[in-house]
Amino acid sequence: MVEARYYEKKNGYIECQLCPHYCKIQPGKLGACRARKNESDKLWAINYGETTSVALDPMEKKPLYHFFPGSQILSIACNSCNMHCPFCQNWEISQTAVKTEQLSPELLLKIFHDHSSIGIAYTYTEPLMWFEYLLDVGELIHNEGGKNVLVTNGLLNEKPLLELIPLIDAMNIDLKTMDPETYKNILFGDLDTVKRTIETAHQKCHIEITNLLVTGLNDKKRDIDRLIDYVASIDKDIPLHFSRYYPNYKYDKPPTSIKRLEYAYERAKEKLNYVYLGNIPAADGANTYCPECGVLLIERMYFRTLIKGLDGTRCASCGKEINIVL
Ligand code: SF4
């Protein structure tokens, strides 16, 4: 473990200032993410390098559809999260303490070199809770010409975000709902912080947004329309992924209705240039089309990716510049 960044000693406790929860941590205790501990009058990142999962994934699995499509990326996860979504699709490793292995920055670098990977994806759980580790390995990977990818809930305070973001090349940010009360009372999050992360990251690196449509939680037409309007208000070129929910963890409502996913897809296509459906076999929901002339640019089927209609970052048919990093 290493000493944590972003905390302040108070009278009898330590206040962690990494995320908007500002946990007040008593001596010997952990913060709400289980990643930071008050010990010997200091705050420690006890999960530094502690890893639950290592896998080589297609970039499309993150999902990132406009960032080096068809590439493979080494993906790793910590055993922490600062949100507590009752439907978490990865709850076994995000919400409960499991066995981890120490992956030092040097060892990670070696594994990176041993695989044909474009970089490292910090994913599956909440990588922002690996803040100090991200700073260290992010720099190492960049020095070796690799890319750093975050798949995140976006729940980080502004100062640490600005420190981290120069090391990040792409982010998929989970925007769960546009309802602040749902964020706060059900998910243990904060909508304004997530919005700030999206808007800041959009200025600095490639971003895509995922919305898990959860039955009975955020799947009303009104909820979907608000989310689409928000993304369009930032930039209609931001790729938006609607993902199908399946019952998991503490949530047993039926999977998202296909009809509602199709509504979200069609509705979003009216305002955004790149819209996708995930966790669902859909005829067109994974393909990329030119927003100008409609030609098929990238065909995707079960993580098999075929670039068909691109000439560099332009549509080969009409020449439109496409929001894509190659
Ligand atoms: S990072 Fe963890 S310990 Fe710090 S405020 Fe957030 S949940 Fe609490």
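Given the structure is predicted, the values throughout are model-derived calculations rather than measurements.

What to know about the overall build of the protein
Helix and strand counts for the protein stand at eight helices and 21 strands. When the backbone C-alpha atoms are referred to their principal axes, the protein occupies close to 65 × 45 × 30 Å. Burial analysis of the protein (326 residues in total) assigns 44% to the buried set.

Remarks on the sheet that holds strand β1 (residues 2-3)
The sheet built from three strands is open, its strands ordered β1-β6-β5 with antiparallel pairing. Among the strands making up the open sheet, the edge pair consists of β1 and β5 (36-39). Note that β5 and strand β6 (residues 42-45) share four bridges and pair antiparallel. What sits directly across from Glu-39, in β6, is Lys-42.

Remarks on unusual backbone geometry
A cis geometry characterises the amide bond from Lys-62 onward to Pro-63, with omega recorded as -5 degrees. Examined against the element boundaries, Pro-63 turns out to sit in the loop between β8 (53-58) and β9 (72-77). If you check the backbone angles, Asn-279 has positive phi at about 65 degrees while not being a glycine. Secondary-structure assignment places Asn-279 in the loop between β16 (275-278) and β17 (288-289).

Regarding the nonpolar core
Ile-120, Met-129 and Met-171 are the most contacted members of the largest nonpolar core, which totals 83 residues. Here this core gets five residues from one element, more than from any other, and that element is helix α3 (residues 131-143). When we break this core down by domain, the ones giving at least three residues each are domain 1 (2-45) and domain 2 (50-286). Beyond its immediate sequence surroundings of up to four residues, Met-171 is in contact with Leu-150, Thr-152, Ala-201, Cys-205 and Ile-207. Listed in part, the six residues of the second largest apolar core include Cys-290, Ile-298, Cys-315 and Ile-324.

Points about the pairing of β16
Here β16 shows two buried faces, one formed by Val-275 and Leu-277 and the other by Tyr-276 and Gly-278. The parallel pair strand β15 (residues 240-244) and β16 is bridged by helix α8 (residues 258-269), and the resulting crossover is right-handed.

Points about α8
Over its twelve residues, α8 runs 16 Å from end to end, which matches the ideal 16 Å to within 8%, given 1.5 Å per residue. Every buried residue of α8 is listed here: Leu-261, Ala-264 and Ala-268. Buried positions in α8, seen along its axis, are confined to an arc of 60 degrees and lie on one side of it. Seen from the open side of α8, the exposed residues pointing more than 90 degrees away from its buried face are Lys-259 and Glu-266. Buried residues along α8 sit in contact with β14 (206-213), α7 (221-234), β15 and β16.

Regarding the environment of Tyr-274
Here Tyr-274 shows up in the loop between α8 and β16. As a C-alpha pair, Tyr-274 and Cys-290 span 16 residues in sequence and 8.6 Å in three-dimensional space. Setting aside chain neighbours within four positions, we find Tyr-274 in contact with His-66, Asp-237, Pro-239, Thr-288 and Asn-323.

Overview of the packing of helix α2 (residues 105-114) against α3
Orientation of α2 relative to α3, taken along the N-to-C sense of each, is 35 degrees, at an axis distance of 10 Å. The two elements α2 and α3 meet at a crossing, and its hand is right-handed. Contact with α2, carried on its side by Pro-105, Leu-108, Leu-109 and Phe-112, involves Asp-136, Val-137, Leu-140 and Ile-141 of α3 and no other residues of that element. Split by residue class, the contact of α2 with α3 holds seven nonpolar, no polar and one charged.

Details of the sheet that holds β9
Taken in spatial order, the eight strands of this open sheet run β8-β9-β11-β12-β13-β14-β15-β16, and their pairing is mixed. The open sheet has two edge strands with one neighbour each: β8 and β16. Neighbour-to-neighbour, the strand axes of the sheet open up by a mean angle of 20 degrees, direction not taken into account. Inspection of the sheet shows strand β12 (residues 147-152) paired to strand β13 (residues 170-174) by four bridges, in the parallel sense. Residue pairing across strands places Thr-152 opposite Ile-173, the latter belonging to β13.

Here is what the cut-offs are and how they apply
Residues numbered from 1 in each chain as written. Predicted model: local features only at pLDDT ≥ 70, side-chain atom pairs only at ≥ 80, totals over all residues. Helix = DSSP H or I, 4+ residues; strand = E, 2+ residues; numbered from the N terminus. Buried ≥ 20, exposed ≤ 12 C-beta atoms within 10 Å, placed from the backbone. Pairing = 2+ DSSP bridges. Core = buried A, V, L, I, M, F, W, Y, C linked by C-beta atoms within 7 Å. Domains from an automatic or database assignment. Contact = placed C-beta atoms within 7 Å. Right-handed = clockwise from strand over helix to strand, strands pointing away. Expected span 1.5 Å × (residues − 1). Arc of directions from axis to C-beta. Axes fitted to C-alpha atoms, helices over the stretch in contact; angles between N-to-C directions. Left-handed = near helix turned anticlockwise from the far one by under 90°. Nonpolar A, V, L, I, M, F, W, Y, C, P; charged D, E, K, R; others polar.

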